[in-house]
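# Breakdown of the fold
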Amino acid sequence: MATLKFDDGRINLAVNDTGRIFSFNPADPNVYDGFFSLLEETPQKINKLSIEEEKLNAQELDEKSRTQEQLKIHAEIDKILREAFDNIFGEGQADVMFGSQSTCALGSNGDFIFSNALMALFPYFEKEMKKRQNKVKSVVKQYKE
C-alpha cells in the first residue's frame, strides 16, 4: 500500500523523556475552538465538584471515608480535564501527554500538571504561528511584486 504524505502542519514533541510523542498543529482552528470550550465550560464543572469537596469537610466522616470521597471527586475532575484536553488536541492526546497520572497531580512547582502542560505548550504556539505568518507574508510579498 502506498503512503500519502503531505505537510499537515503538525509538530511532534517528546513528553518528559517518557517515549510518548505529543503531536498537534498549532495553527489548527479546531485547537483554538477547543481552548474556548475549555475556558467556557470547564470552570463551571470543576467549581461544582469543588463545592462538593467543601461539603465533605463539613460532614462528620472518618478520615478514610473522607479521603475516599475526595479521591472520587478528583477522579471526576481528572475525567473532565482529560475530555477537555482531548477536545482541544484530539482523541487520546490526554493519555499521550499525562500517561497514567491524574491531571490533578501536583508538579514539583506546586501547580497541577494540567496547568504545567498547557503553560509548556504556549511557547510552541507563539513560535510556530509567528514562523507561519512570516512565511505567508513572504509569499504574498513575492506575488505582489
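Preceding this paragraph is the structure being described.
Before going into details, it helps to say that this report is about the structure given with it. (Residues numbered from 1 in each chain as written. Predicted model: local features only at pLDDT ≥ 70, side-chain atom pairs only at ≥ 80, totals over all residues. Heavy atoms only, no water.)

## Considerations on the overall build of the protein
Secondary structure summary: the protein contains four helices and two strands in total. Along its sequence from the N terminus, the protein presents helices and strands in the succession β-β-α-α-α-α. The globule rule puts the C-alpha radius of gyration for 145 residues at 15 Å, and the 20 Å found for the protein is more than 25% above it. Out of the 145 residues in the protein, the part that is buried amounts to 30%. (Helix = DSSP H or I, 4+ residues; strand = E, 2+ residues; numbered from the N terminus. Rg over C-alpha atoms; globule rule 2.2 N^0.38 Å. Buried < 20%, exposed > 50% of the residue type's maximum accessible area, 1.4 Å probe, protein only.)

## Thoughts on the packing of aromatic side chains
Inspection of every chain in the model, using the stated rule, returns 14 aromatic pairs. Their ring planes at 80° and their centres at 5.5 Å tell us that Phe24 and Phe89 sit as a pair that is edge-to-face. Of this pair, Phe24 sits in strand S2 (residues 21–24) while Phe89 sits in helix H2 (residues 63–89), and the two are 65 residues apart along the sequence. Centre to centre, the rings of Tyr32 and Phe125 are 5.8 Å apart; their planes meet at 75°, and the pair counts as edge-to-face. Note that Tyr32 is positioned in helix H1 (residues 29–58) and Phe125 in helix H4 (residues 113–144), a separation of 93 residues in sequence. Taking the relative accessible area as the measure of exposure, Tyr32 reaches 33% and is therefore partly exposed. Take Phe125: its relative accessible area is 7%, and that puts it in the buried class. (Phe/Tyr/Trp six-rings, centres within 6.5 Å; stacked < 30°, edge-to-face > 60°.)

## Some words on H2
Under the 1.5 Å per step criterion, the end-to-end length of H2 is 38 Å for 27 residues, consistent within 8% with the ideal 39 Å. Along H2, the residues classified as buried are Arg66, Ile73, Ile77, Asp78, Ile80, Leu81, Arg82, Ala84, Phe85, Ile88 and Phe89. The positive-phi residue at the C-terminal boundary of H2 is Gly90, with phi of around 115°. (Expected span 1.5 Å × (residues − 1).)

## Considering the environment of Thr67
Mapping Thr67 onto the fold places it in helix H2. In the structure, Thr67 is positioned eleven residues away from Leu56 in sequence and 9.5 Å away in space, judged by C-alpha atoms.

## Digging into the pairing of S2
In this sheet, S2 lies alongside strand S1 (residues 11–14) in antiparallel orientation, the contact comprising four bridges. Its bridge partner lying in S2, Asn12 is registered against Ser23. Two successive antiparallel strands, S1 and S2, enclose a turn made up of six residues, where Asn16 displays a positive phi of approximately 45°. (Pairing = 2+ DSSP bridges.)

## Concerning the pattern of salt bridges
Inspection of the entire model under this criterion finds five salt bridges. Here Arg82 ties to Asp78 by a salt bridge, and the two come within 3.1 Å at their closest N and O atoms. Placement of the pair is Arg82 and Asp78 together in helix H2, with a separation of four residues, close to one helical turn. Residue Asp78 is classed as buried on the basis of its relative accessible area, which comes to 14%. Here Arg82 ties to Asp95 by a salt bridge, and the two come within 2.9 Å at their closest N and O atoms. With Arg82 in helix H2 and Asp95 in helix H3 (residues 93–98), this pair connects stretches of sequence that are 13 residues apart. What makes Arg82 buried here is its relative accessible area of 13%. One network of salt bridges, with partners in common, ties together Asp78, Arg82 and Asp95. (Salt bridge = Lys/Arg side-chain N within 4 Å of Asp/Glu carboxyl O.)

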